[in-house]
Every structure is written in C-alpha cells, then in structure tokens.
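Working through the structure, step by step
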Amino acid sequence: MEAARNLTGKEQERMNRLRKWIKNMKYRHKLTILLVVTALVPMTVLALYAHSRQSTMVRSSDLEDMQSIIDQTKESIDSQTAVYSSLLNYLTYSPEIQEVIFNKDMDRYTAYEQYTEVVDPLLTVPQSYHEAIQGIQLFAESIPVRHEYTLAPLSEVDGEWWSDKLNNTVTVQWIVDRDNRQIAAVREIYDGKIKEAVLCISLDYGKVFQPLANIIERNSGGFVVDDQQNIVYHGENLAASDISVQKETAKKLDRLREEYTYVSSSGHETRWTYYFYKPPAVIESSVSKVLISEIPLIGFCVVIIIVLGMTFSKLFTRKIEQLTRNMEQVNQGSREVTVYSDSGDEVGQLVRSFHHMMDEINRLIEEVYENKIALKEFELKALTAQINPHFL
C-alpha cells in the first residue's frame, strides 16, 4: 500500500512538472505543437485506414494467387488422369482386347499370335507417348499363363499391391500407395456379374504429382486427399511443420485450418481434393513489405507537417513576439514604439491599443514635464521678485 502511494505521488509530481513546462512554453511553440498534432491526428487515422485496406487487398491478392495456382495444378493433374482414363476406356472396348477377354475357345497358337502381334503392341505403344506410364497389364480369365509383362491370368491380380483396394465397379479406379510411391489406374471388366478381366495402367508417382511438387516453394506445402480421406500425396518446404507429424488425415486438416493460410480445389476425374498452404507469417510478410514501402511517404508527410506548422506558427505569432520585445524595451525605459500592424484581427487591435497607450503615456509625460518647467520658471520669477527690492 505504501509503495502504491509513493508511486502515485511520483506520478502526480511528474504531471505537475509537465503542466508547468507546457505552461511556461513559448506561445509560438505551443501553437506549433497544436498545428502539428491537429494535422497528424487525421493523417494518422487516414494512414491506418489506408494501410488496413491495402493490407486486406494484399492478403486477398495472395489468397487469389494461391487459389489460381492450386486450380491450375489441379487442372494439370486432372488433364493427365483424364488421358489415362480415356486410354483405359479405349482399351477396354477395343475389339482386340474384347476378343482376348471373351474368346475362351481360342487355341494356343492363335492366342499366342494374337498376344504377340496385336495385344502386345496395343498395350506397349502408349508408353512411347506418355512418360508417366510405366506399364499396362491385362489380367483375364481367358489367359492361361503370363505373357511377358502385359498379359496375365486373372488369378494373379491377388498378388498386385492394389488388388485389395478394388471396389468391384466398372468405372476407372485411382489407387495410390503413398508410402511406396505407387499409383495405378484400374478398371474391372465384367460379363454380367462375373468379373472377366482387370485392366491396369501403372504410373510414375513422381511424374503424376510433378505439377504439385513444382508449386511447393520455400515456406509452403501441399497435399492431396482422395475420396476416402486418405493422403495420397504430401510435400512441403517448411522449417518446422505441425502437419507432417500428424498421421491421421482428420488431424492434418484440423491443424491446417487452425494454423495455416490455405486454399483447396477438388478434381473431377479422380475426385481428389488438393490443398495448398502457407504459414500466416509468409502472408503477413507481404503486408510488412507494403508497410515498409509506405514509411518514406509517411515520413515525408510528417516532415512537411512539422515544417508547415513551424512556418505558420512563426507567421501567426510574429506580431505578438514583436509586441513582447517592444514591451520589454519599454520596461527598460525606452518610450519608442517599434511594432505596427494594420490587420483587423485581435493581434492588430492589440498592437494599435499598445501604440495608442504609448502615445498617451508620452503625451502625459510631456505634459507633466512642461508643467514642471513652467512651475520652476514661475518659482524663479517669484524668487527674483523677492530679491530685487532687497538690493534696491
């Protein structure tokens, strides 16, 4: 309690000294401070408002840029996957593949000839035109033994890494193993309800997701989630990340929403969702750059305001200062008036009043002085009149 009282007493003493300092300050300096503060307050409000609006625009622009980047990336990957899906559909319905799948009475020689001269080129030629294709395989019930890499019995599907992820549909299925960096486009072929074949295109994981890897620069990251909420790709270039350590997709998304600035875009062909994110500090650094670019202009405006405040205060108080100096000269014995003003404002009236007062004082002084001289002359004459009879 005693310490609080001492602190309050010291604060009161500081306030009293401040009031006294302001009270004893020259009027010109007070007017300068008033003009500067009066100009700085609205300028500061306008500067803060302008900076807030510009910061909002910068943030919105950064988000729009991020959204544009992820949309273009999604379109690039989607266009690739659409090509591979179209290729799968073309191969599925091609007469040559249909012949191999559904003609189970083909003799071995004819089958070998069909495999070698027709089906093999059909399944291998696309690799020459698409770098991401690692291989195309057809697993069919009608194929008794494996032929090269391209043809295999349907029973061998169970040995493929993607077999347990098939969902028994006739649409193209995109299956990804992120840990082993494998990706496959698979289509099951049915005759009624009986599965007759499976057509698979194995793809280069890195080349498929290369467009997303290209946009992940310093202090950014991105990942892809499939329709089963599995992470199929994740890449980032961050000094420290709380997302990469999370194992579950739901926790990754929660951390993304809580701690990062992000955008997302959904693909049509694969139904994957693409996320692109940056730490908030990266976005704010753009805002800081805007603020830094504004500092010279703000400093220039402040200097102009101070210079104008000093100039106008000197202009407004010039007559008052001249009047003050003239009054000090009068106090020291001078009766000369050196300040004049023909303005009609209060300062002009004050100067003319002082001038009139000094004229009146000078008149009274001269009148008193003349009266004293006349009195002395009268006394001298009276004394002379008394002395003359005595000597006579």
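Residues numbered from 1 in each chain as written. Predicted model: local features only at pLDDT ≥ 70, side-chain atom pairs only at ≥ 80, totals over all residues. Heavy atoms only, no water.

1. Re the packing of aromatic side chains
For any pair of aromatic rings, the description consists of the separation of the ring centres together with the inter-plane angle of the planes. In this structure the tally under the stated criterion is ten aromatic pairs. Ring centres 5.0 Å apart and planes at 25° place the aromatic pair Phe223 and Tyr275 in the stacked group. Taken as a pair, Phe223 in strand 6 (residues 220-225) and Tyr275 in strand 9 (residues 273-278) lie far apart in primary sequence, 52 residues in all. Accessibility assignment for this pair places Phe223 and Tyr275 in one class, buried. Members of the aromatic cluster, joined through ring pairs, are Trp174, Tyr205, Phe209, Tyr233 and Trp272. (Phe/Tyr/Trp six-rings, centres within 6.5 Å; stacked < 30°, edge-to-face > 60°. Helix = DSSP H or I, 4+ residues; strand = E, 2+ residues; numbered from the N terminus. Buried < 20%, exposed > 50% of the residue type's maximum accessible area, 1.4 Å probe, protein only.)

2. Details of the sheet that holds strand 8 (residues 261-266)
What the four strands build is an open sheet, ordered 7-6-9-8; its pairing is antiparallel. Because the sheet does not close on itself, it has two edges, and the strands there are strand 7 (231-237) and strand 8. Pairs of neighbouring strands in the sheet enclose a mean axial angle of 10°, with direction left out of account. Across the face of the sheet, helix 2 (residues 27-93) comes into contact with strand 8 and strand 9 while running at roughly 30° to strand 8. (Pairing = 2+ DSSP bridges. Axes fitted to C-alpha atoms, helices over the stretch in contact; angles between N-to-C directions. Contact = heavy atoms within 4.5 Å.)

3. Some thoughts on unusual backbone geometry
A positive phi angle, near 55°, is found at Glu148, a position not held by glycine. Along the chain, the position of Glu148 falls in the loop between strand 1 (133-140) and strand 2 (151-153). We classify Glu148 as exposed; its relative accessible area is 60%. In this model, Asn219 sits at a positive phi of 60°, which is unusual for a non-glycine residue.

4. Digging into the nonpolar core
If you look at the biggest cluster of nonpolar residues, it comprises 47 residues, and the most contacted ones within it are Leu123, Leu138, Ile183, Phe209 and Trp272. In terms of residues, this core owes the most to one element, helix 2, which gives seven residues. With residues near it in sequence (within four places) discarded, Leu138 still touches Ile97, Val100, Ile101, Leu123, Ile143, Thr150, Leu151, Ala152, Ala197, Val198 and Leu199. Judged by nonpolar contacts, the second largest core, of eleven residues, contains Leu154, Trp162, Ile175 and Cys200. (Core = buried A, V, L, I, M, F, W, Y, C linked by side-chain atoms within 4.5 Å.)

5. Notes on the pattern of salt bridges
Tallied over the entire structure, the rule returns nine salt bridges. Between Arg257 and Asp254 there is a salt bridge whose closest N-O contact spans 3.5 Å. Here Asp254 and Arg257 lie together in helix 8 (residues 249-259), a separation of three residues that amounts to about one turn. Judged by relative accessible area, which is 47%, Arg257 ranks as partly exposed. It is possible to trace a salt-bridge network through shared partners that takes in Glu360, Arg363 and Glu367. (Salt bridge = Lys/Arg side-chain N within 4 Å of Asp/Glu carboxyl O.)

6. Remarks on a nonpolar patch on the surface
On the surface, a cluster of nonpolar side chains totalling about 690 Å² of accessible area is made up of Leu297, Phe300, Ile304, Leu308, Phe312, Leu315 and Phe316. Mapped onto the elements of the fold, Phe300 is located in helix 9 (residues 280-331). Note on Phe300: relative accessible area 53%, which makes it exposed. (Patch = residues over 30% accessible without salt bridge, like charges linked within 9 Å, V, L, I, M, F, W, Y side chains within 5 Å. Areas by Shrake-Rupley, 256 points an atom, 1.4 Å probe, with all protein chains shown as cover.)

7. Some thoughts on the environment of Ala39
With respect to the helices, strands and loops of the structure, Ala39 is situated in helix 2. Owing to a relative accessible area of 28%, Ala39 belongs among the partly exposed residues under this scheme. In this structure, the C-alpha to C-alpha distance between Ala39 and Gly9, residues 30 residues apart in sequence, is 34 Å.

8. A look at the confidence of the model for the protein chain
On average, the protein chain scores 84 in pLDDT, and the residues at 70 or more come to 96%. Per-element confidence in the protein chain ranges from a low mean pLDDT of 72 for helix 1 (residues 2-23) to a high of 94 for helix 6 (residues 205-208). (pLDDT = per-residue confidence, 0-100.)

9. Thoughts on the layout of surface pockets
Here the largest pocket defines a volume of roughly 580 Å³. Elements supplying a minimum of two residues to the lining of the largest pocket: strand 3 (173-177) and strand 7. Looking at the lining of the largest pocket, the element that brings in the most residues is strand 3, giving five residues. In the lining of the largest pocket, the residues fall into seven nonpolar, eight polar and eight charged. Taken as a whole, the second largest pocket spans an internal volume of roughly 240 Å³. As for the second largest pocket, its lining consists of 13 residues, of which Arg108, Ala111, Tyr115, Ser142 and Pro144 are closest to the centre. A breakdown of the residues in the lining of the second largest pocket according to their chemical character gives seven nonpolar, three polar and three charged. (1 Å grid on protein atoms, 1.4 Å probe; cavity = no way out; pocket = protein on both sides within 12 Å on 5 of 7 lines; lining within 4 Å. Points joined across faces, edges and corners; volume = space filled by probe spheres on them. Nonpolar A, V, L, I, M, F, W, Y, C, P; charged D, E, K, R; others polar.)

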